[in-house]
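Spelled out, the chains give:
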Amino acid sequence: MRAFISILSVLLCLQLNSFAQYPAPALIPQPVEMKTGKATDNFTIANQRTQVFISDSSLRPSAEFFINFVKKHYFLELTLTTLADANRKNVINLIQESPASMALAKTPDNPERYKLDVLNVAVTIRSPSPAGVFYGIQTLIQLLPPSAKPLPLQAKAVSITDYPRFAYRGMHLDVSRHFFNVDFVKKYIDYLAMHKLNYFHWHLTDDHGWRIEIKKYPRLTTVGAWRDGSIIGLYPGKGNDGIRHGGYYTQAEVKEVIKYAADRYITIIPEIEMPGHSMAVLAAYPELSTTPKLPKKVAETWGIFNKFNNVLLPSEQTFNFMEDVLTEVMALFPSPYIHIGGDECSKIWWKQSAFSQQLIKEKGLKDENGLQSYFIHRIEKFVNSKGKTIIGWDEILDGGLAPNAIVMSWRGEKGGIAAAKQKHKVIMTPENFMYFNHSQFLKEDSLTASRYVPLANVYNYEPVPAILTSAEAKYIWGAQGNLWTEYITNPANVEYMLFPRLDALSEVLWSPKSKRSFPDFQKRLKQQLRRYDFMGIRYSKKYAL
Ligand code: ACM
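Calculation criteria
Residues numbered from 1 in each chain as written. Predicted model: local features only at pLDDT ≥ 70, side-chain atom pairs only at ≥ 80, totals over all residues. Heavy atoms only, no water. Helix = DSSP H or I, 4+ residues; strand = E, 2+ residues; numbered from the N terminus. Expected span 1.5 Å × (residues − 1). Buried < 20%, exposed > 50% of the residue type's maximum accessible area, 1.4 Å probe, protein only. Contact = heavy atoms within 4.5 Å. pLDDT = per-residue confidence, 0-100. Pairing = 2+ DSSP bridges. Axes fitted to C-alpha atoms, helices over the stretch in contact; angles between N-to-C directions. Right-handed = clockwise from strand over helix to strand, strands pointing away. Phe/Tyr/Trp six-rings, centres within 6.5 Å; stacked < 30°, edge-to-face > 60°.

### Some thoughts on helix α6 (residues 251-262)
Consideration 1: Compared with an ideal rise of 1.5 Å per residue, which puts twelve residues at 16 Å, α6 spans 16 Å between its outermost C-alpha atoms and is within 8% of the ideal.
Consideration 2: Residues of α6 that are buried include every one of Q251, V254, V257, I258, Y260 and A261, and no others.
Consideration 3: Summarising the contacts, the buried residues of α6 are in contact with α4 (182-194), β11 (199-203), β16 (267-274) and α8 (316-332).

Written out as structure tokens, the structure reads:
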């Protein structure tokens, strides 16, 4: 009997062992290649005994990110070491190494690639770049359980080779329609970092508020950063709430946010809107409008083609002003790209302006679209003279594209396709797929912009239009999700609109096209939502039902 029981227990053990192979961890975005190991190979993170080794000081931000994450969420203290020791156990090795090294030789030539190996003695993340190591850290975090208990804390055993599909992986936030403070902007940047995004498009100016300190023009913030009220309900709205709303970032705060993002391998692209979406500028400096004698207010009504929303007059005074503003902006932001807006500039004002009509004649321009193109060309020339490149919304195609401009295609894909055919870089952000300010559900609990952009639309979006030849398709630099905040009034609202559409976006941008599957994503999402519960992220709970 005893012998029988022990044979039975051996058999049972063998059986359990074969089932003990972990199911594939639920990672988002799905990596290129993943092999899962045995549970006995899981790595245990131990308070104070687990060290994080960095091969190079450039990897310190990645090590610190991980150490802080584990401390904040699991209450464990890890130590950082720069001393190499091949025999060290219980270590997380972060290694920047030559692309020709043994470990990386078989990976494709992508500067952001990484290799992650989790074994019981050590975790090793290798990449030719610090950014790649950081992405490996983000994956490692997803191998940890979405709960601080039970201890010991273990990372699942895996071997992963991974790299992004697109070089531009962006997310935008409009801080003009509603202002979000530095602490929340940093949190937002962390959300992008978690999803291996690498560009944050910071929409800093619009009709409804100017949000960045410009030393030469203080009225931009003393006047332009504040509005006296906002319409109530969906545009055109029912009345005005009469509540003063505003705020802005000082240049010191902007620098702090830029550094915070850089430590997460995120480039911040500032957007300074022109020649439309300029009511906050014109409230402060009405002389830059087509009706300089008429007083103006920071806009309180959403929408742009109305009788109040004047635009910049294309005068020398305006160009000098915008060049001064851009000079301060470019000195602050290391980004090689500056977004200059260019969208939805109502032409009624230039039609009625004698100065603008005279300029059209003088410069031999065809019409007001030609004038918009002239405006953007001049600004581009200035930005280029400082060694930077402009990005503009697809209206910058109207009247002729500026020679070096990158196009952000939002009115569908038409503009992006046209730009790619003209050999210009393109960022795809079509409204019906990439605008997260629209509703996620047919019936929403709170007010949103009026279209319907469910999770599946975002997930199934393909940034490279089939109509492009393979040579043209190379100009599709990537895609971006946009979050306009007319109806998004606070951080909880932002998180509700962002999650989990950000997860879907990350997979569009990072994962191989051949690996994308919405049903599979939905399964993995369940685990991700548990992680959000654990991290206190206020996603749309309807997904958890
Ligand atoms: C935009 O949505 N006006 C770019």
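### A look at helix α17 (residues 501-510)
What sets the pattern is the α-helix's 3.6 residues per turn: residues three or four places apart point alike.
Consideration 1: Among the ten residues that make up α17, ten are buried, leaving the element largely enclosed by the rest of the structure.
Consideration 2: Along α17, the residues that are buried comprise R501, L502, D503, A504, L505, S506, E507, V508, L509 and W510.

### Let's talk about the environment of Y543
Consideration 1: Position of Y543 among the secondary structure elements: in the segment after α18 (518-535).
Consideration 2: Each C-alpha atom, one on Y543 and one on F69, is 26 Å from the other, the two residues being 474 residues apart in sequence.

### Topic: the confidence of the model for the protein
Consideration 1: On average, residues of the protein carry a pLDDT of 94, and 95% of them reach 70 or more.
Consideration 2: Predicted confidence in the protein is weakest over helix α1 (residues 2-19), with a mean pLDDT of 44, and strongest over β11, with 99.

### Notes on the sheet that holds strand β3 (residues 51-54)
Consideration 1: The strand order across the open sheet formed by seven strands is β1-β9-β6-β7-β5-β3-β4, and the pairing between neighbours is mixed. The sheet is open, and its two edges are formed by β1 (33-36) and β4 (79-81), each paired on a single side. Across the sheet, the mean angle from the axis of one strand to that of its neighbour is 10 degrees, orientation sign disregarded.
Consideration 2: With four bridges connecting them, strand β6 (residues 114-118) and strand β7 (residues 122-127) associate as antiparallel partners. Bridging across to β7, L116 finds its partner in I125.
Consideration 3: Taken strand by strand, helix α3 (residues 130-142) contacts β5 (91-96), β6, β7 and β9 (158-162), and its axis lies near 40 degrees from that of β6.

### Re the pairing of strand β19 (residues 406-409)
Consideration 1: Covered by surrounding structure in β19 are I406 and M408 together with V407 and S409, the residues of both alternating faces.
Consideration 2: Relative to strand β20 (residues 426-428), β19 runs parallel, the two sharing three bridges. The residue bridging V407 from the neighbouring strand is V426, located in β20.
Consideration 3: Since β19 and β20 lie parallel, the crossover through helix α12 (residues 414-421) that links them has a hand, and here it is right-handed.

### Regarding the packing of aromatic side chains
Consideration 1: For the coordinates displayed, the defined rule picks out 35 aromatic pairs.
Consideration 2: When the centroid spacing of 4.4 Å and the interplanar angle of 10 degrees are considered together, the rings of Y168 and Y199 count as stacked. You can see Y168 sitting in strand β10 (residues 168-174) and its partner Y199 sitting in strand β11, a full 31 residues away along the chain.
Consideration 3: Y168 sits in the buried class, given a relative accessible area of 0%.

### Regarding the pairing of β6
Consideration 1: Summarising burial for β6: five of the five residues are buried, a large majority.
Consideration 2: Pairing of β6 with β9, which is carried by four bridges, proceeds in the antiparallel orientation. Following the sheet pairing, K115 is matched in β9 by T161.
Consideration 3: Here β6 folds back onto β7, and the loop between the two strands holds three residues.

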